[in-house]
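Structure at a glance
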Amino acid sequence: SLNSFTFQSRVLTVLSLPLLERLQKLSILFDRCSMRQIQEIFPHIVHSIFGINGNPLGWGLRTTTLENNPLQFQTLHQFFGVCGHWMHLCHRLLADQCKFELDIGLLPAKFVSMLQAGQNPMFYADLINIDPMRNQVGTLSLNAFDFYVIHFVLYALQPLHSINPIAMQIHNVRSKTVYLKLVSEYLNNYLPLFPDAIIEPVHFSSGVKAPQPLPAQALQPQRQPRYLKIPSSFRNGGNVSGGGGNLNTSGGSGNTSPQSSGATASAARAYAWRSESVLHFFVDIWLRYDIESEHHLPSSDFVRGVRTLVKQIHFFANGAQQDHTSLCSLRKVSLSMVKARIYAFMCGLIDRWPLDSSLMVVLELWLSYIQPWRYTMAALNHKSSLAYRPPISPSFDGFIIDNLIMYTHIFMQLLPHFGRLDYTVYRNSFMLYRLAMMFAQHDLVDRLQRYERLNAGSSYGFDSPQRQVTMMNKSHSPGSQWNPVVNSNLPKMFSEPMQMQMESFLLLISMARNSVLREIAALRNEIAEKQRREGFLMNFFIKVFGESTQDEVTLRELSRIPEVLRQCIDAFCRTFNVDQANLSMHENLPEEPCPPASTTAQKFSFFDSSHSLDTSKLTPHQMSLNASNMQATIDPAMLPIHSNELKLLVKMLHTIAERINKKYGSQIEAFYIRNDFCGKMARQLLYAPMTEQWFDKRSGNTVICERLVPPRICLRPLASMPALVTITLALLLGQLLWSSPVVGLFLLGCVCMVYNLLMALFC
């Protein structure tokens, strides 16, 4: 009709507005529209939000952070939050029980293969639509809530970091986007830790899905383990990993109402179906990400989102024993759903992830999964205590047994990656520290050794990689086979060959530590020599008004590394019974004779005098020397704010200096290059020209970028605490001696001016 066409045109006009105005207009529109009108525009708005058939960025949920746009961040979070306008709209649409069609072409290939093969869980039974012509699943029929949630989950799979510079920056610096905040909020709301938690929104139409038992997949082979009989005490409510197939035998007995045990199955279904949808969509889609086949790696914010999912499912599953509501059955099977997918997901992720400090997000995901005791009510009560380490209670033995391969095999797959990291970078050293401290937990290594010894027939404990491969192949199309990305013939984790491998690894770490100690000693000598050359007055002036040099910043960073690596070596030696006497652990290394660097070495080039590549110079040793000398050079005015600086004052002085340099840049440069006394004075007061160098990794390769920085004014030293203390003392001295603070400030300025005049004359 004409009215419908006019309304849709109006909606399209609103969707083309700037984001903040768009959200405001949509909130008003939702309140004034009829349910029928909202049903017509709902799919179009969802597609606009997540950039389907249009701008892949959508509304910027994955590119908006609190740092780059605080107002937009807060507005988006309020609009899409669990109690925001959008969620209320989704729940309003549930009243009419209208369905929205989702083409399976938008779904990941592994997820589609699962549906087409007929291996889908009971949850999808009333969602799939079979195309009678092809006798295959064609679409999914979803209510408004499910339609939005599944699009929200799919949005994380888009490789935005490969097509958008802002997303690439977020991928590198690990900023928290609106999307990650919403992921955490949705999971915390619909998969609550506490059994008595209220799932928001509370008031909505309850007759959405037909009553049926909550799905409990047979996610594990029905036969019993061959080499170990698992005690019944391990199969508790919080660690159900092998009994998923038996939960349906109770029929609807687990689906009791949160108010009373005599409630109907319909009431139980109405209470739990949203949690069921969120759990299935997040686990089935995210953990079926085809890392091996995709051209682009997943972004780091996606991996952090998966970690948030794993942590929340641990919280959710660990509350099963205290839960007597209809969510209890779902809590019991949630961890088994993750276990069926997490091993293959982690193997593919580790195999393709680059060897840099971004490996931390992958490491944190693995550590979160294998430490469920960190995500309990008791651990949450001690969250404020940094020194608190939650004990590993016997109730988690079942989890360790069923996931033994996740402890042993993933560690052995990670070890070669850690052997190739650069430990002169503190973040890499801290990654190794996190890995070492995980095995230093009380009684964990003893349990792993005991369970590995009890298994005499297989190198992989109670669940082998081959069984995981078989489960992976079941979710593929019939003609495809999943190839394991790791070697399936690795030794046991606590065997003699592994002990020898760990000894070699720790020797490498010890050598890296000694190299860092030598670098620290050389840097200290270089700084001391430079201070001796500059004299007492220059050092005093720099200490009061100046800022830390790049060498001093590097020295502070390097000085933290040896102790971290020493603790790592100690922890691994205790874990694998390695004798530290075989390792080089000298605290004070003897001075090594350093031959003077020749001009040939300083000006080394792979090209000859005719600018042709000389292949005889392309030796691995020389290439490693060149690589070790590559480092970023940053304008001192653009360094991160130090702890002895006032953040607000630094930003204000930087803004003033930038405006002066922009307006008078040509005059400043002209003064700097003069050869008379004015030029000498300018060179004392101004920052010298330099060439900034940094590494650009956006294209997948490391490219050195350069930018020439001209002479410039920098007011940042005035924001340091020593400078502010000196100015304050000058003001107090002027007030005490001459009853005028301005006089003290004037005298301080005169002293500084005389000092710079003398430096200009004699330097």
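Residues numbered from 1 in each chain as written. Predicted model: local features only at pLDDT ≥ 70, side-chain atom pairs only at ≥ 80, totals over all residues. Heavy atoms only, no water.

On to the overall build of the protein, then. Regarding its fold elements, the protein presents 28 helices and 5 strands. Classification of the 763 residues of the protein by burial places 47% in the buried group. With an accessible surface of roughly 38,000 Å², the protein has 57% of that area assigned to carbon and sulfur atoms. (Helix = DSSP H or I, 4+ residues; strand = E, 2+ residues; numbered from the N terminus. Buried < 20%, exposed > 50% of the residue type's maximum accessible area, 1.4 Å probe, protein only. Areas by Shrake-Rupley, 256 points an atom, 1.4 Å probe, with all protein chains shown as cover.)

What follows concerns the sheet that holds strand β3 (residues 136-142). Hydrogen bonds along the backbone pair up the strands of a sheet, which may run parallel or antiparallel. Read from one edge of the open sheet, 3 strands run β1-β3-β2, paired in antiparallel fashion. Each end of this open sheet is capped by a strand with a single partner; those strands are β1 (100-103) and β2 (128-131). Each strand axis lies, on average, 35 degrees off the axis of its neighbour in the sheet, ignoring direction. Where β1 lies against β3, 4 bridges are found, and the strand directions are antiparallel. From the neighbouring strand, L102 faces β3, where its bridge partner is L140. (Pairing = 2+ DSSP bridges. Axes fitted to C-alpha atoms, helices over the stretch in contact; angles between N-to-C directions.)

To continue, consider the packing of helix α16 (residues 404-419) against helix α17 (residues 426-439). Geometrically, a packed helix pair is captured by the angle between its two axes and the distance between the axes. Two elements in contact, α16 and α17, have axes separated by 12 Å at closest approach and are oriented at 155 degrees. With respect to α17, the element α16 is oriented roughly antiparallel. Seen from above, α16 lies across α17 with left-handed handedness. Where α16 abuts α17, its residues Y407, F411 and F418 lie against M431, L432, L435 and F439. Grouping the constituent residues of the contact of α16 with α17 by class yields 7 nonpolar, no polar and no charged. (Parallel < 35°, antiparallel > 145°, perpendicular 65-115°, else oblique. Left-handed = near helix turned anticlockwise from the far one by under 90°. Contact = heavy atoms within 4.5 Å. Nonpolar A, V, L, I, M, F, W, Y, C, P; charged D, E, K, R; others polar.)

Right, let's get into the confidence of the model for the protein. Confidence in the prediction of the protein, expressed as mean pLDDT, is 79, and 75% of residues score 70 or more. Below pLDDT 50 for its whole length, residues 214-263 participates in 96 contacts with residues either more than four positions away or in separate chains. The low-confidence segment residues 456-465, where pLDDT is below 50, has 28 contacts with residues more than four positions distant or belonging to other chains. (pLDDT = per-residue confidence, 0-100.)

Glancing now at the environment of K110. Structurally, K110 can be placed in helix α6 (residues 109-116). Each C-alpha atom of the pair K110 and I285 lies 8.4 Å from the other, and the pair is 175 residues apart in sequence.

Summarising the element assignment, Q684 is placed in helix α26 (residues 677-685). Residues Q684 and A760, spaced 76 residues apart in sequence, show a C-alpha to C-alpha distance of 6.6 Å.

A negative phi angle characterises most non-glycine residues, just as the trans form characterises most peptide bonds. The residue after E200, namely P201, is reached through a cis peptide bond having omega -15 degrees. One can find P201 in the loop between α9 (178-190) and α10 (265-286). Of note, Q97 is a non-glycine position whose phi angle comes to about 55 degrees, a positive value. Locating Q97 in the fold gives a position in the loop between α5 (85-92) and β1. Look at Q97 and you get partly exposed, because its relative accessible area is 47%. Phi is positive for N577, close to 55 degrees, though the residue is something other than glycine. Mapped onto the elements, N577 comes out in the loop between α22 (561-576) and α23 (599-602).

Glancing now at the layout of surface pockets. Reported here for the second largest pocket is a volume of approximately 1,300 Å³. Sorting the residues of the lining of the second largest pocket by element identifies α9, α11 (300-318), α13 (359-369), α14 (377-381) and α17 as the ones contributing at least two each. When residues of the lining of the second largest pocket are assigned to their parent elements, the largest contribution, 6 residues, is made by α11. (1 Å grid on protein atoms, 1.4 Å probe; cavity = no way out; pocket = protein on both sides within 12 Å on 5 of 7 lines; lining within 4 Å. Points joined across faces, edges and corners; volume = space filled by probe spheres on them.)

A few words on the packing of aromatic side chains. Going through the model one piece at a time under the given rule, you end up with 42 aromatic pairs. Ring centres 5.6 Å apart and planes at 70 degrees place the aromatic pair Y155 and Y179 in the edge-to-face group. In this pair, Y155 sits in helix α7 (residues 144-155) while Y179 sits in helix α9, placing the two residues 24 residues apart along the sequence. The exposure class of Y179 is buried, given its relative accessible area of 3%. An angle of 25 degrees between the planes, with centres 5.7 Å apart, marks the rings of F494 and F576 as stacked. Placement of F494 in the loop between α19 (465-474) and α20 (496-545) and of F576 in helix α22 is noted, with a sequence separation of 82 residues between them. Given the relative accessible area of 4%, F576 is considered buried. The side chain of R62 reaches across the aromatic face of Y155, ending 5.7 Å from its centre. Over the ring of Y426 we find R560, and its NZ or CZ is 3.8 Å from the ring centre. (Phe/Tyr/Trp six-rings, centres within 6.5 Å; stacked < 30°, edge-to-face > 60°. Lys NZ or Arg CZ within 6 Å of the ring centre and 35° of its normal.)

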